[in-house]
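# Examination of the molecular architecture
So you can see what is in the structure, the chains are spelled out below.
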Amino acid sequence: MKDLNSEYQCAIDLVIDVIGGKWKVLILWNLNEGVKRFNELKRSLPNITQKMLTQQLRELEEHGLVSRKVYQEVPPRVEYSTTDMGKKLQATLFEMCKWGDEYAEQKGIAMNRCWTSYNFMEK
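The protein chain has the name Helix-turn-helix domain-containing protein in an unreviewed UniProt entry, where Rossellomorea oryzaecorticis is given as its organism.

What follows covers the packing of helix α1 (residues 11-19) against helix α2 (residues 24-31). Close contact between α1 and α2 brings their axes to 8 Å; oriented N to C, the two are set at 75°. On the basis of the axis angle, α1 is roughly perpendicular to α2. Note on element contacts: α2 touches α1 through Lys-24, Val-25 and Leu-28, opposite Asp-17, Val-18 and Ile-19. Among the residues making up the contact of α1 with α2, the classes are represented as four nonpolar, no polar and two charged.

Applying the stated criterion across every chain yields a total of one aromatic pair. Centroid distance Trp-99 to Tyr-103: 5.0 Å. Interplanar angle 15°. Geometry classified as stacked. Taken as a pair, Trp-99 and Tyr-103 lie in helix α6 (residues 90-107) at a separation of four residues, close to a single helical turn. On the basis of relative accessible area, Tyr-103 is assigned to the partly exposed category, the value being 37%.

Scoring rules and cut-offs
Residues numbered from 1 in each chain as written. Predicted model: local features only at pLDDT ≥ 70, side-chain atom pairs only at ≥ 80, totals over all residues. Heavy atoms only, no water. Axes fitted to C-alpha atoms, helices over the stretch in contact; angles between N-to-C directions. Helix = DSSP H or I, 4+ residues; strand = E, 2+ residues; numbered from the N terminus. Parallel < 35°, antiparallel > 145°, perpendicular 65-115°, else oblique. Contact = heavy atoms within 4.5 Å. Nonpolar A, V, L, I, M, F, W, Y, C, P; charged D, E, K, R; others polar. Phe/Tyr/Trp six-rings, centres within 6.5 Å; stacked < 30°, edge-to-face > 60°. Buried < 20%, exposed > 50% of the residue type's maximum accessible area, 1.4 Å probe, protein only.

As structure tokens, then:
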């Protein structure tokens, strides 16, 4: 797991340590829609391995951005959702998605839009 430093020069350094990398932002973005099971997340991120998704979810949980709920039933069911702290990132992720769409349009890059709609921010 990624341990955080006891001190940072800048808040951006801390943010990069907490949500940096290829997958964490995409996981958080997918959880914007609400509670998801592991396989739902896996299907929404087709290029991620099971091992990497498990590792990234554990780190997000350790840092207090994702909650994991285990149901004691057969077969076992586990659901993931964003915590209150994780939800505070939604507006930032939304703006990043909009920026990416605009940038892609200016550069002539084909986009399929972000995985979720912009409508969740308008509630």
